[in-house]
Amino acid sequence: MAFEILDYPKTIGFERTHTQVGDCVIAIKALYALKSLYPKSKLIIFTDLKGGGQLYPYLNLADSIVNVETQSNKEQNLSNALHTNPVDVLLLLHRTSWKIRVAKNSPAKCIITELHMHNLLDARFKTPMMMISYFVHGSEKVLRLVRRINPKYYDNAISSLDFTQVRFHIPQENKAIIDDFFTQTNAKNFQGVVGVNPFGSSAHFNFDTQDWIHLTQELATQFPNLLFVLLTYQNNPHKLKLSQASNIAIFENDSQLITLVALTKKLNLLLSLNTGNIHIADVLRIPTLILNKTKERYNCIGGSYGGEFDAIYLPKNWRKNYQHYYQAYTQKAIKKLQTL
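Quantities reported herein were computed from a predicted structural model and do not represent experimental measurements.

Moving on to the nonpolar core. In terms of nonpolar packing, the biggest core is built from 65 residues, with Phe-14, Leu-34, Leu-91 and Phe-168 touching the most fellow members. With seven residues, helix H2 (residues 28–37) is the largest single contributor of residues to this core. Each residue touching Leu-34, except ones within four places of it in the same chain, is listed here: Ile-12, Phe-14, Pro-39, Leu-43, Leu-91, Val-146 and Ile-149. Residues Leu-230, Trp-318, Tyr-325 and Tyr-326 belong to the second largest nonpolar core, which totals 31 residues.

What follows is about the environment of Thr-17. Turning to its location among the elements, Thr-17 is positioned in the loop between strand E1 (11–16) and helix H1 (21–26). Assessed through its relative accessible area of 4%, Thr-17 is described here as buried. Between the C-alpha atoms of Thr-17 and Val-66, which are 49 residues apart in sequence, the distance is 10.0 Å. With sequence-adjacent residues up to four places away left out, Thr-17 is seen in contact with Phe-46, Thr-47, Asp-48, Val-68, Thr-70 and Lys-99. Side chain to side chain, Thr-17 and Glu-15 meet in a polar contact 2.7 Å long. Within the structure, Thr-17 has its side chain in polar contact with the side chain of Lys-99 (distance 3.0 Å).

A word on the sheet that holds strand E8 (residues 226–233). Paired through backbone hydrogen bonds, the strands of a sheet run either parallel or antiparallel to each other. Across the sheet, six strands lie side by side as E9-E8-E7-E10-E11-E12; this open sheet has parallel pairing. In the strand order of this sheet, the two ends are held by strand E9 (248–253) and strand E12 (309–314), each with one partner. Each adjacent strand pair in this sheet contributes to an overall mean axis angle of 20 degrees, direction not counted. The pairing of strand E11 (residues 288–293) with E12 spans six bridges and is parallel. Among the inter-strand pairings, Leu-289 is bridged to a residue of E12, identified as Asp-310.

About the criteria used
- Residues numbered from 1 in each chain as written.
- Predicted model: local features only at pLDDT ≥ 70, side-chain atom pairs only at ≥ 80, totals over all residues.
- Heavy atoms only, no water.
- Core = buried A, V, L, I, M, F, W, Y, C linked by side-chain atoms within 4.5 Å.
- Buried < 20%, exposed > 50% of the residue type's maximum accessible area, 1.4 Å probe, protein only.
- Helix = DSSP H or I, 4+ residues; strand = E, 2+ residues; numbered from the N terminus.
- Contact = heavy atoms within 4.5 Å.
- Polar contact = N/O pair within 3.5 Å; in protein donor to acceptor, adjacent residues only side chain to side chain.
- Pairing = 2+ DSSP bridges.
- Axes fitted to C-alpha atoms, helices over the stretch in contact; angles between N-to-C directions.

Structural data, given as structure tokens:
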């Protein structure tokens, strides 16, 4: 007899073994929904230590977090994790062939993921209706998997959930790092703090690093009452060099993502390209202005938790009009800073 989705599963598995920070943060809304809709279910997160493993423990949403090494032997490692931690319902967030193979051989009673040629004929797989994911926010795409556990129950209850209640519980040691940084930069003497993030994986849809520095210096001159913090990280091959300015500082993050969360929480505005930190700012409802490619104007944006969000969207051939987009971004940034 084919398994039918439980009205109230005893154990729910949530697979997010992606190492990309943005993808891991986008999935948080679904974790909150699972814990809110099924508080009596045991929620197990299967994640990579380099991605969700650095963020999910600080949300206090999971009953158990299983770190799965995906840099080598990823199939065997995920298989071992699923056999060691059997679940009634498994949500596969990324419908890759190898994950579907592993899920098929797992003891999971029901597997929920998007439609794929490898799960068409397996009765244990449940899939949402087909959709073009470019036109919805990434978090909505993941929530559709949560809905598939029990659509009627989900539809009746989802509107009552308050996603602004999602909280990162930041350890005192990470708070202390940020407090020390702001003490050294005399942040208390300024009326606000603006983060400027020039680095990320979207290299083809980003200003040159030197132009980010120039933008920061220009804004710092116009707004001397604000502290501008250029964000970078340890082992970044692109070193930030800028002229002396009393209201510009450089923050080099350590290897812990939760430290970046602690810093982002202190910002009044984040200027950035499309990268993981904009999604952290989204959860924290920090006003954000980003560069983003036009193709991702719906699914990779902020504002989904109710915060302020704006963007300059770049077409595929945007570099032919580089200065136009640079000036447009600069003018939007100035307008936002005038409201701080």
